[in-house]
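As a plain string of letters, each chain reads:
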Amino acid sequence: MITVSQIITELENCGNPEKAVHLSRFFKTGKGQYGEGDRFMGVTVPEQRRIAKRYAATELPVLEELISSPFHEQRLTALLILVLKYQKSKSETEKEEYIRFYLSHTRFINNWDLVDLSCYTLLGHWLEDKDRSVLYELTDSSSLWEQRIAIVSCMYFVRKGDFKDCLAIARKLLYHPHDLIHKATGWLLREIGKKDKAVLVAFLQDCYLRMPRTMLRYAIERFPEEERKKWMKREEVKTGK
């Protein structure tokens, strides 16, 4: 029987105090920043993935202890294990149980890497052939991280050439105040452009006057330089810069 103390000991053995300090700064844990109060052990993501694979059979009650930890790496390792459990499961009932666990613990999925390394491989995959209203509920949430889960989960659909929900959610997030949502939405729009540039251009033509500068910059990142300049010039005209 795998215990939470076994996994924590593995993580502690890989910890690096200097890296922990660096990660605390990188993930903005200072007062008033988006990751305020988060704590780090200084464990790299590849090391966490290795540990997650070793403990992929961990049961949900143990993951519940791990995901509620004050330490960032323990929460991420719990999510990486959950992804592995979901991917290995052949049972729809089991998969639904893992998705319910994920959605009931979003308060602990509280930084951008925790979101991005879990949401579209779990929630996105699960919703491929199901009602996706939960994504719109998350979009309307007051939680920055639930809103990011909503847009980034669309990555799974976008990679399959299904853009409808991503575009709809992107429209709902046009006036969002936070840079992390601007970046995520621009990233997803850029992914649409990689699949079908005409779809992205149509969205830009309709919405660029309302798009935050960062969102636009991310969305057009793969455009030829001259084309990027034209879009950014339009944005400057919009803002009067």
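So, here's what we can say about the structure. Keep in mind that this is a model prediction, so the values were computed, not measured. (Residues numbered from 1 in each chain as written. Predicted model: local features only at pLDDT ≥ 70, side-chain atom pairs only at ≥ 80, totals over all residues. Heavy atoms only, no water.)

**Some words on the overall build of the protein**
So, point 1. Helices and strands together make up the secondary structure of the protein, namely 16 helices and 0 strands.
So, point 2. Here the protein has a C-alpha radius of gyration of 19 Å; the compact-globule value for 241 residues is 18 Å, and the two agree.
So, point 3. Expressed along its principal axes, the backbone C-alpha trace of the protein runs to roughly 60 × 40 × 30 Å.
So, point 4. Of all intrachain contacts in the protein linking residues separated by at least 6 positions in sequence, the fraction that spans at least 24 positions is 69%.
So, point 5. Entry remark: accessible area of the protein is about 12,000 Å², with carbon and sulfur atoms responsible for 50%.
So, point 6. Of the charged side chains in the protein, 40 are positive and 34 negative; the average position of the first set lies 6 Å away from that of the second. (Helix = DSSP H or I, 4+ residues; strand = E, 2+ residues; numbered from the N terminus. Rg over C-alpha atoms; globule rule 2.2 N^0.38 Å. Contact = heavy atoms within 4.5 Å. Areas by Shrake-Rupley, 256 points an atom, 1.4 Å probe, with all protein chains shown as cover. Lys, Arg positive; Asp, Glu negative; His and termini not counted. Charge placed at Lys NZ, Arg CZ, Asp CG, Glu CD.)

**Let's talk about the pattern of salt bridges**
So, point 1. This structure, assessed with the given rule, holds 17 salt bridges.
So, point 2. R100 is paired through a salt bridge with E96; the nearest N and O atoms lie 2.9 Å apart. On the criterion of helical spacing, the pair formed by R100 and E96 is a turn pair, its members being 4 residues apart in helix α6 (residues 92-104).
So, point 3. D206 is the partner of R171 in a salt bridge, and the nearest nitrogen-oxygen pair spans 2.7 Å. Of this pair, R171 sits in helix α12 (residues 164-172) while D206 sits in helix α14 (residues 197-207), and the two are 35 residues apart along the sequence.
So, point 4. The exposure class assigned to D206 is partly exposed, which follows from its relative accessible area of 42%.
So, point 5. Shared partners join several salt bridges into a network, and the residues in it are E92, D129 and K130. (Salt bridge = Lys/Arg side-chain N within 4 Å of Asp/Glu carboxyl O. Buried < 20%, exposed > 50% of the residue type's maximum accessible area, 1.4 Å probe, protein only.)

**Brief notes about the nonpolar core**
So, point 1. Judged by nonpolar contacts, the single largest core of 81 residues is most densely connected at I7, L188, L189, L204 and M211.
So, point 2. With 9 residues, helix α5 (residues 72-88) is the single largest residue contributor to this core. (Core = buried A, V, L, I, M, F, W, Y, C linked by side-chain atoms within 4.5 Å.)

**With respect to the side chain of S141**
So, point 1. Locating S141 in the fold gives a position in the loop between α9 (133-139) and α10 (144-153).
So, point 2. Of the polar contacts made by the side chain of S141, one reaches the side chain of E146; its length is 2.7 Å.
So, point 3. Not counting residues within four places of it along the chain, the set of residues in contact with S141 comprises E146 and Q147. (Polar contact = N/O pair within 3.5 Å; in protein donor to acceptor, adjacent residues only side chain to side chain.)

**Notes on helix α4 (residues 60-67)**
So, point 1. Where α4 is concerned, the buried positions are L60, V62, L63, L66 and I67. Angular distribution of buried residues about the axis of α4 spans 150 degrees; they occupy a single face of the element. (Arc of directions from axis to C-beta.)

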